[in-house]
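# Working through the structure, step by step
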Amino acid sequence: MGYKTLCFGLTCILFAFYIYTPMPENIEEPWKIRITDAAIKTTSLMAMILEKIGLKSFETLYATLIKMDYTQPVSDENVTVMDTTFSDIPVRLYLPKRKRESQRPSVIYIHGGAFVLGSYKHTPMDLLNRWTANKVDAVVVGVDPRLAPQYPFPAPYEDVVSVVKFFLQDKILAKYGVDPNRVCISGDSSGGTLAAGVTQLIQNDPELKNKLKAQALIYPGLQLVDTSVPSHREYEHGPLLPWKVAIKLGCLYFTQDRAIPQAMMKNQHMPHGSMHLFKLVNWSTFLPEEYKKNHVYTEPILGRLNPSYSILLDTRLSPLAVNDSQLQNLPLTYILTCQHDILRDDGLMYVSRLRNVGVKVFHDHMEDGIHGALSFMASPIYLKLGIRIKDKYINWLEENL
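Residues numbered from 1 in each chain as written. Predicted model: local features only at pLDDT ≥ 70, side-chain atom pairs only at ≥ 80, totals over all residues. Heavy atoms only, no water.

## Some thoughts on the overall build of the chain
To keep it simple, the criterion reads: A run of DSSP states H or I qualifies as a helix once it reaches four residues; a run of E qualifies as a strand once it reaches two. Both are numbered from the N-terminal end. Here the globule rule is a power law, 2.2 Å times the number of residues to the power 0.38, and the radius of gyration is based on C-alpha atoms. In what follows, a contact means two residues having at least one pair of non-hydrogen atoms within 4.5 Å. Under the convention used here, a 1.4 Å probe and the Shrake-Rupley method define accessible areas, while residue burial counts only the protein chains that appear. For the charge count, each Lys or Arg is scored as positive and each Asp or Glu as negative, with His and the chain ends excluded. We put the charge of a Lys on NZ, of an Arg on CZ, of an Asp on CG and of a Glu on CD.
Each helix and strand counted, the chain has 14 helices and ten strands in total. In terms of C-alpha radius of gyration, the chain reaches 21 Å, essentially the compact-globule figure of 21 Å for 401 residues. Overall, the chain is about 65 × 55 × 40 Å in size when its C-alpha atoms are taken along their principal axes. Across the chain, the fraction of contacts at a sequence separation of at least 24, relative to all contacts at a separation of at least 6, is 75%. Total accessible area on the chain stands at roughly 17400 Å², and carbon and sulfur atoms take up 55% of it. Side-chain charges of the chain comprise 42 positive and 40 negative groups, with the mean position of each set lying 3 Å from the other.

## Here we look at helix 2 (residues 30-52)
Cut-off, in case you're wondering: Multiply 1.5 Å by the residue count of a helix minus one, and that product is the helix's expected span. When accessible area is computed with a 1.4 Å probe and restricted to protein chains, residues below 20% of their type maximum are described as buried, those above 50% as exposed, and intermediate ones as partly exposed.
Compared with an ideal rise of 1.5 Å per residue, which puts 23 residues at 33 Å, helix 2 spans 33 Å between its outermost C-alpha atoms and is within 8% of the ideal. Within helix 2, the full set of buried residues consists of I33, R34, T36, D37, A38, I40, K41, T42, T43, S44, A47 and E51. Immediately beyond the C-terminal end of helix 2, within one or two residues, lies G54, with a positive phi of roughly 85°.

## Quick look at the packing of aromatic side chains
Put simply, the test is: Aromatic pairing here means that ring centres of Phe, Tyr or Trp (its six-membered ring) are within 6.5 Å. Orientation follows from the plane angle: under 30 degrees is stacked, over 60 is edge-to-face, and everything else is tilted. To sit over a ring, a charge needs its Lys NZ or Arg CZ within 6 Å of the ring centre and within 35 degrees of the ring normal.
Under the definition given, this model contains ten aromatic pairs. With centroids separated by 3.7 Å and ring planes inclined at 5°, the aromatic side chains of F115 and Y253 adopt a geometry described as stacked. Of the two residues, F115 sits in the loop between strand 3 (104-110) and helix 4 (123-136) while Y253 sits in the loop between helix 9 (243-251) and helix 10 (259-265), which places them 138 residues apart along the sequence. Y253 gets classed as buried once you look at its relative accessible area, which sits at 2%. In this structure an aromatic cluster arises from ring pairing among F86, F166, F167 and Y176. One residue, R34, lies across the ring of W31, its end atom 5.2 Å from the ring centre. Over the ring of F58 we find K248, and its NZ or CZ is 5.3 Å from the ring centre.

## Describing the sheet that holds strand 3
Let me state the cut-off plainly: At least two DSSP bridges between two strands are required for those strands to pair. Orientation is described by axes fitted as lines to C-alpha atoms, over the contacting stretch for helices, and by angles from 0 to 180 degrees between their N-to-C directions.
One open sheet accounts for eight strands, arranged 1-2-4-3-5-6-7-8; its pairing is mixed. The outermost strands of the open sheet, each flanked by one partner alone, are strand 1 (79-86) and strand 8 (361-370). The mean inter-strand angle of the sheet, taken between neighbouring strand axes irrespective of direction, is 20°. By the bridge criterion, five bridges tie strand 5 (residues 178-188) to strand 6 (residues 214-218) in an arrangement that is parallel. In the sheet register, S186 faces strand 6, and the bridge partner there is A216.

## Considering the packing of helix 3 (residues 58-67) against helix 9
Short version of the rule: Here is the rule for angles: anything less than 35 degrees is roughly parallel, anything more than 145 is roughly antiparallel, 65 through 115 is roughly perpendicular, and the remaining ranges are oblique. Amino acids outside the nonpolar list (Ala, Val, Leu, Ile, Met, Phe, Trp, Tyr, Cys, Pro) and the charged list (Asp, Glu, Lys, Arg) are all regarded as polar, and Gly is one of them.
Look at helix 3 against helix 9: their axes get within 10 Å of each other, and the N-to-C directions meet at 95°. One finds that helix 3 runs roughly perpendicular with respect to helix 9. Residues F58, E59 and Y62 of helix 3 touch helix 9, and the partners they reach there are V245, K248 and L249. Grouping the constituent residues of the contact of helix 3 with helix 9 by class yields four nonpolar, no polar and two charged.

## Quick notes on the pattern of salt bridges
Keep this limit in mind: Any Lys or Arg side-chain nitrogen located within 4 Å of an Asp or Glu carboxyl oxygen qualifies as a salt bridge.
The final tally for this structure, using the stated rule, is 22 salt bridges. In this structure, E29 and K32 form a salt bridge, with 3.1 Å as the shortest nitrogen-oxygen distance. E29 sits in the buried class, given a relative accessible area of 18%. Between R104 and D137 there is a salt bridge; the shortest N-O distance is 2.8 Å. Of this pair, R104 sits in strand 3 while D137 sits in the loop between helix 4 and strand 4 (139-143), placing them 33 residues apart in sequence. By sharing partners, the salt bridges in this structure join D76, D83, R92, D126 and R130 into a single network.

## Here's the deal with the environment of Y157
Within the element layout of this structure, Y157 appears in helix 5 (residues 155-167). Separated by 41 residues in the primary sequence, Y157 and V198 have C-alpha atoms spaced 7.3 Å apart. When residues no more than four places from it in sequence are discounted, the contact partners of Y157 are L194, G197, V198, L201, Y253 and R316.

Quick look at the structure:
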């Protein structure tokens with residue numbers, strides 16, 4: 001009893017400390033965000049302590065909490081919902097019930113969660129896909145790729161590739177009444193990373209008959225090459241997604257070596273032979289002037305890790321770091337970025353690079369936006385910002401898909 005009381009007391013003290021962390025002045029519902037931010041930071045610290053004493057891994061506590069909010073495939077008056085598999089990968093299908101003479105558009109959606117957390121079963125993702133199916137009158141495919149660290153890179157990427165290739169077969173599209181010329185792939189955060197990388201593969205594969213009409217990336221993370229871009233520096237402590245937590249979780253995608261997160265925090269993680277990637281993610285070249293401010297560009301430091309990680313040269317981890325030739329064939333693109341987000345500059349640079357090679361890009365920038373808002377569209381934490389992002393995304397699909 002005394003141990004539990006002590007733990008509860010320490011948690012309350014930590015929460016009270018974090019709740020007074022300064023917040024950006026222009027955010028909507030600041031107290032909701034302040035409370036949510038404090039809860040996340042308290043959970044992170046508790047997770048680190050549990051990992052240090054050997055009780056739980058850092059990500060396990062987060063995963064346990066998120067799983068408490070998982071849903072079953074429940075149909076409603078507008079949409080039939082079912083769980084199945086595509087190429088042995090779990091998917092949740094959302095099939096509109098209204099009658100339609102012509103074929104429907106379709107959206108393949110990959111959830112976020114730093115490659116280690118989350119599911120299409122999570123209530124906010126289920127709601128988003130359900131609303132998309134009903135509003136756009138589209139067949140929606142929610143994908144659950146395997147998660148790290150149990151299944152590290154490239155397993156999650158390969159799972160999404162398998163689902164997309166399976167779905168784009170003529171017989172599968174015909175089975176679900178989908179127009180082969182109206183398929184979009186979407187994702188938020190790390191789901192946006194996977195969506196961007198898979199889109200590059202699909203569009204540049206000459207053997208695939210059916211291609212994607214569009215990609216929609218919501219506050220995506222798009223590169224691991226340079227971990228000292230302006231947004232990383234400005235929003236190191238959040239709100240909602242502190243840089244240290246993002247790196248700790250994100251590194252589990254490809255390694256459990258604890259030296260890697262420390263090196264990434266110092267921008268000293270890239271191996272020899274990676275200098276050719278720097279120009280492709282150089283924020284001093286690709287960021288609009290208003291986001292550069294007084295920041296000074298410095299290149300990542302090479303070769304400080306022993307052994308070095310050649311896996312970091314793999315552009316499937318960093319879709320922003322591909323050559324222009326791999327971007328030229330990309331489809332109509334929607335990118336949503338948030339001002340108060342460590343991943344902001346990845347999205348902004350991708351907008352610039354895609355436009356530079358002639359890809360048609362629609363860019364929404366949320367001046368009061370924070371990372372992960374789509375995950376807060378239902379009780380117990382309901383943010384109006386999440387609803388606004390959802391509406392912008394779905395409206396764009398309605399108009400362009």
